[in-house]
Amino acid sequence: MDKRTRFLNAMEGKPVDRVPVSFYTHSKDLSDNAVAEQLDWFRRCGMDALCVETDGYMEYPVSGDANRLACWSGLSLHQKEDPYIAGQLDRAKRIADGVEDGAVFFMIYTPFSTIKHTIGGEQKIMEFYREDPGFLLDVMKRIEEDTFRLMDYLMDETGIDGLFVSLQNAEEWRFSPDEYVSYLKPFDERLIAHANALSPHNILHMCSWTGVPNRLELWRDYDYQTVNWAVTIERQMNLKQGREYFRPGVTVMGGFDSTENGILYRGAREEIMAYTKEQLALAGQVGTILCGDCSVPMDLNPEHVRYVVEACEEFAKEIDK
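Residues numbered from 1 in each chain as written. Predicted model: local features only at pLDDT ≥ 70, side-chain atom pairs only at ≥ 80, totals over all residues. Heavy atoms only, no water.

**Student:** Explain the overall build of the protein to me, and be specific about the residues and the numbers.
**Tutor:** For the protein, the helix and strand inventory stands at twelve helices and seven strands. For 321 residues, the compact-globule estimate of 2.2 N^0.38 gives 20 Å, and the C-alpha radius of gyration of the protein, at 19 Å, lies within 12% of that figure. When its C-alpha atoms are laid out on the principal axes, the protein stretches across 65 × 40 × 35 Å. For the protein, buried positions account for 58% of its 321 residues. Pairs at least 24 residues apart make up 78% of the contacts formed inside the protein by residues separated by at least 6 positions. In the form shown here, the protein has an accessible surface area of approximately 13000 Å², with 48% of it arising from carbon and sulfur atoms. Computing the positive centroid from 34 side-chain charges and the negative centroid from 54, the protein places the two 2 Å apart. (Helix = DSSP H or I, 4+ residues; strand = E, 2+ residues; numbered from the N terminus. Rg over C-alpha atoms; globule rule 2.2 N^0.38 Å. Buried < 20%, exposed > 50% of the residue type's maximum accessible area, 1.4 Å probe, protein only. Contact = heavy atoms within 4.5 Å. Areas by Shrake-Rupley, 256 points an atom, 1.4 Å probe, with all protein chains shown as cover. Lys, Arg positive; Asp, Glu negative; His and termini not counted. Charge placed at Lys NZ, Arg CZ, Asp CG, Glu CD.)

Okay, here's the thing in structure tokens:
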């Protein structure tokens, strides 16, 4: 079974010869638009799919001081030839062309996260919210239009398989449940619906990159096919518990602490392989993808990912006996 078929089969809950593997990471080198580095990462890891990060494009182009809310007024939609759009299309297309055997997904963020990444502050975005929530809402609607256009171009013109939709901002400290539902949930749902209209193969990433648990119940019933969450942060919700918690029939994706404290980063071959088989025993062979909680450190040894793949191969042979 080729890598792309294996990965898409797993997403669809179909049988696979072994559980697929995909770990994603940021880029240190943005020369060549990070294409060479991302392709090198994919090939050295020997994994089945690549989620392309948006390094260099996480900051939304704003005239003036982006840390002043007033400077976000009058945003214009980007044209396809503008660097913000053209650069992402170039990266996605060349990576999709370069991944000869494997699935490719491209990272997409909600408008609230896009603003947050631009101003570089978990607290600063909340200052924006408290300063003028109505104005901020209008800004997010404009960014949403741009994001939808980008998604359309990505799926129409680059050859990627789907979108990796990152949800953030549901940490327990940030909003009350009612605030989140009224303010941010509509953006989540529209983003997911737009992705699903473009591709049957999308991944919903319930991001907890700050190490703080999210209110997962706010995202639990969204329309996703494959869900990736932090098993080491979300109250130790392992792959088996996640399969029981999230929507029936979805594919669970995760299992590994993605930080420098995790076994993937610090473990020896035997430790990584043993841990991998533990995750497979929890999750089963069907509707399972092994991945990190979030992006893994940029200096992670790719051989460690190969150990995960090797363990998946051994596990599949063992259960077939």
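Having put the structure on the table, let's press on.
**Student:** Outline the nonpolar core, supporting the account with residue identities and numerical values.
**Tutor:** Counting 93 residues, the largest nonpolar core has Phe23, Trp72, Leu163 and Phe246 as its most contacted members. When residues in this core are grouped by element, the largest group, ten residues, is from helix 6 (residues 133-157). Setting aside its immediate chain neighbours within four residues, Phe23 contacts Trp41, Met47, Phe256, Leu264, Leu290, Cys291, Gly292, Val296, Val305 and Val308. The next biggest cluster of nonpolar side chains, apart from the first, holds 20 residues, and it includes Val16, Tyr24, Ile203 and Met253. (Core = buried A, V, L, I, M, F, W, Y, C linked by side-chain atoms within 4.5 Å.)

**Student:** For unusual backbone geometry, give the residues involved together with the corresponding values.
**Tutor:** A positive phi angle, near 60°, is found at Asp32, a position not held by glycine. Inspection of the secondary structure assignment puts Asp32 in the loop between helix 1 (3-11) and helix 2 (35-45).

**Student:** Give a detailed account of the pattern of salt bridges, specifying residues and quantitative values.
**Tutor:** Evaluation of the coordinates by the stated rule reveals 22 salt bridges. The salt bridge partner of Lys124 is Glu127, with a shortest N-O separation of 3.5 Å. With Lys124 and Glu127 both in helix 5 (residues 124-131) and three residues apart, the pair spans about one turn of that helix. Residue classification places Glu127 among the partly exposed positions, given a relative accessible area of 38%. Measuring nitrogen to oxygen at the nearest pair gives 3.3 Å for the salt bridge that ties Arg142 to Glu145. A residue pair is termed a helical-turn pair when its members lie 3 or 4 positions apart in one helix, as Arg142 and Glu145 do in helix 6 at three residues. Taking relative accessible area as the criterion, Arg142 reaches 30% and is therefore assigned partly exposed. The class for Glu145 is partly exposed, based on a relative accessible area of 37%. Here the salt bridges do not stand alone but share partners, grouping Arg6, Asp17, Arg18, Asp48 and Glu313 into one network. (Salt bridge = Lys/Arg side-chain N within 4 Å of Asp/Glu carboxyl O.)

**Student:** Explain the pairing of strand 2 (residues 103-109) to me, and be specific about the residues and the numbers.
**Tutor:** In terms of residue burial, strand 2 counts as a mostly covered element, since seven of its seven residues are buried. Residues Ala103, Phe105, Met107 and Tyr109 of strand 2 are buried on one face, and the alternating residues Val104, Phe106 and Ile108, pointing to the opposite face, are buried as well. Each parallel crossover has a hand, and for strand 1 (residues 49-52) linked through helix 3 (residues 83-98) to strand 2 it is right-handed. As defined by bridge partners, strand 2 adjoins strand 3 (residues 162-167) across five bridges and the pair is classed as parallel. Of the residues in strand 3, the one forming a bridge with Tyr109 is Ser166. (Right-handed = clockwise from strand over helix to strand, strands pointing away. Pairing = 2+ DSSP bridges.)

**Student:** Before we move on, can you summarise the sheet that holds strand 4 (residues 203-206) with the specific residues and values?
**Tutor:** Ordered in space as 1-2-3-4-5-6-7, the seven strands form an open sheet in which the pairing is parallel. Both outer strands of the open sheet, strand 1 and strand 7 (288-292), are each paired with one neighbouring strand and no more. Neighbour-to-neighbour, the strand axes of this sheet turn through a mean angle of 25°, independent of strand direction. Judged from the four bridges that link them, strand 3 and strand 4 form a sheet pairing that is parallel. Bridge pairing links Ser166 to His205 in strand 4. Here helix 1 sits on the sheet in contact with strand 1, strand 2, strand 4, strand 5 (226-229), strand 6 (251-256) and strand 7, set at roughly 50° to strand 2. (Axes fitted to C-alpha atoms, helices over the stretch in contact; angles between N-to-C directions.)

**Student:** If you had to explain the environment of Met140 to someone new, which residues and values would you point to?
**Tutor:** Its place among the elements puts Met140 in helix 6. Judged by its relative accessible area of 0%, Met140 falls in the buried class. Along the primary structure Met140 and Glu157 are separated by 17 residues, whereas in three dimensions their C-alpha atoms are 25 Å apart.

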